Amino acid sequence: MKIKMVDIAGNLNFVREKISKACSRRSPEFGNSIPRLVAVSKTKPANLLIDAYDAGQKHFGENYVNELIEKSGHPEILKRDIRWHFIGHLQRNKINKVLAVPNLWIIETVDSNKLASALDTAWTKYRKNDDNKLNIMVQVNTSKEEEKSGCDLSEASSLVKHVIENCKNLKFLGIMTIGAYGYDPSNGPNPDFVSLRQCRDDICKELNLVRDQVELSMGMSTDYEHAIELGSTNVRVGSAIFGERPPKN
Ligand SMILES: *Cc1c(COP(=O)(O)O)cnc(C)c1O
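Now for a quick tour of the structure. (Residues numbered from 1 in each chain as written. Predicted model: local features only at pLDDT ≥ 70, side-chain atom pairs only at ≥ 80, totals over all residues. Heavy atoms only, no water.)

**As for the site of the ligand**
Taken together, Val40, Lys42, Asn63, Ile87, Ile178, Met220, Ser221, Arg236, Val237, Gly238, Ser239 and Arg245 make up the full set of residues adjacent to the ligand. Measuring from a nitrogen atom of the ligand, one finds a side-chain N or O atom of Arg236 at 2.9 Å. A distance of 2.8 Å is found between an oxygen atom of the ligand and a backbone nitrogen or oxygen belonging to Gly238. Within the complex, the protein chains bury 92% of what would otherwise be the 380 Å² of accessible surface of the ligand. Here the ligand occupies the largest pocket. Class assignment for the residues of the shell around the ligand results in five nonpolar, four polar and three charged. (Near = heavy atom within 4 Å. Polar contact = N/O pair within 3.5 Å; in protein donor to acceptor, adjacent residues only side chain to side chain. Areas by Shrake-Rupley, 256 points an atom, 1.4 Å probe, with all protein chains shown as cover. 1 Å grid on protein atoms, 1.4 Å probe; cavity = no way out; pocket = protein on both sides within 12 Å on 5 of 7 lines; lining within 4 Å. Sits in = over half its atoms within 2 Å of the grid points. Nonpolar A, V, L, I, M, F, W, Y, C, P; charged D, E, K, R; others polar.)

Structure follows, in structure tokens:
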């Protein structure tokens, strides 16, 4: 068996450099805050996450509940102040498992009123004190593909309204999309990113929110720079940091 070595620190530096260059190409309307880099570690072993953390990476993303539980409970990982992002589809019967994760920082994939309400209720059992709200993002299915999770674009505003008005234990941070795979940015701005941004503007108008306070989570290994140019504040990058994953079966 061939063992491929991955230079995690080198990859991280490379990605950070690209992020900073992409920021300098943004239109001034996006201000000058640096987007958050979430290192997506699904399928990768704990030792690679530790390498990344020790190279200065704080935010990590996982898609699968069992994998998140396993890694977040690893003794070496527990010693580190990792901020976990849950970025997979969340079934309501798994809520308690995810909320019990030490250092859970955000759930990026809230896609229905029911899920939001269930998280709101369950969080009271896990929060550190009454003021400790759970960060969430609302996932939007911008590509309208059947198999993708996320609420419809037309429902996003009412879901955000529900979170803000009825879910006092949740803190609404922004909206997230995965989008269609394989879009070639040489054909112009990615339509998924453009619709997420438009969706944010519509939400802000309808609910009277400040645009700078509603984040956009969009962009992965192949297109994070492009996403940043279009206003992303949170990029989720996996293979460019940790190396290719084995294909899904
Ligand atoms: C896997 C995954 C990513 C990262 O994908 P890469 O192409 O490896 O960067 C980002 N977001 C979500 C929701 C994912 O499932």
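**Some thoughts on helix α1 (residues 8–24)**
The periodicity of an α-helix, 3.6 residues per turn, causes residues three or four positions apart to be oriented the same way. The terminal C-alpha atoms of α1, which comprises 17 residues, lie 25 Å apart, in line with the 24 Å expected from a rise of 1.5 Å per residue. For α1, the elements touching its buried residues are β1 (36–40), α2 (46–54), α9 (224–229), β8 (234–237) and α10 (239–242). (Helix = DSSP H or I, 4+ residues; strand = E, 2+ residues; numbered from the N terminus. Expected span 1.5 Å × (residues − 1). Contact = heavy atoms within 4.5 Å.)

**Some thoughts on the packing of aromatic side chains**
Tallying each qualifying case throughout the model produces one aromatic pair. Relative to Trp84, the ring of Phe60 has its centre 6.2 Å away and its plane inclined at 55°; by these criteria the two rings are tilted. One end of the pair, Phe60, is in strand β2 (residues 59–62); the other, Trp84, is in strand β3 (residues 83–86), and 24 residues separate them in sequence. The same class applies to Phe60 and to Trp84, which are both buried. Seen from the ring of Tyr181, Lys148 lies directly overhead, with NZ or CZ sitting 4.3 Å from the centre. (Phe/Tyr/Trp six-rings, centres within 6.5 Å; stacked < 30°, edge-to-face > 60°. Buried < 20%, exposed > 50% of the residue type's maximum accessible area, 1.4 Å probe, protein only. Lys NZ or Arg CZ within 6 Å of the ring centre and 35° of its normal.)

**Observations concerning the pattern of salt bridges**
Under the criterion given, the structure shown has 15 salt bridges. The closest approach of N and O atoms between Lys79 and Glu76, which form a salt bridge, is 2.6 Å. Here Arg200 and Asp201 are joined by a salt bridge, their closest N and O atoms 3.3 Å apart. Judged by relative accessible area, Arg200 falls into the buried class, the value being 5%. A residue is classified by how much of its surface remains accessible, and Asp201, at 25% relative accessible area, is partly exposed. Salt bridges sharing common partners tie together Glu29, Arg200, Asp201 and Arg211. (Salt bridge = Lys/Arg side-chain N within 4 Å of Asp/Glu carboxyl O.)

**Description of unusual backbone geometry**
Of note, the phi angle at Asn103 is positive, near 65°, even though the residue is not glycine. Mapped onto the elements, Asn103 comes out in the loop between α5 (95–99) and β4 (104–110). Among the residues examined, Asn103 registers a relative accessible area of 35% and is labelled partly exposed. For Lys144, which is not glycine, the phi dihedral falls at a positive 55°. Secondary-structure assignment places Lys144 in the loop between β5 (134–139) and α7 (156–166).

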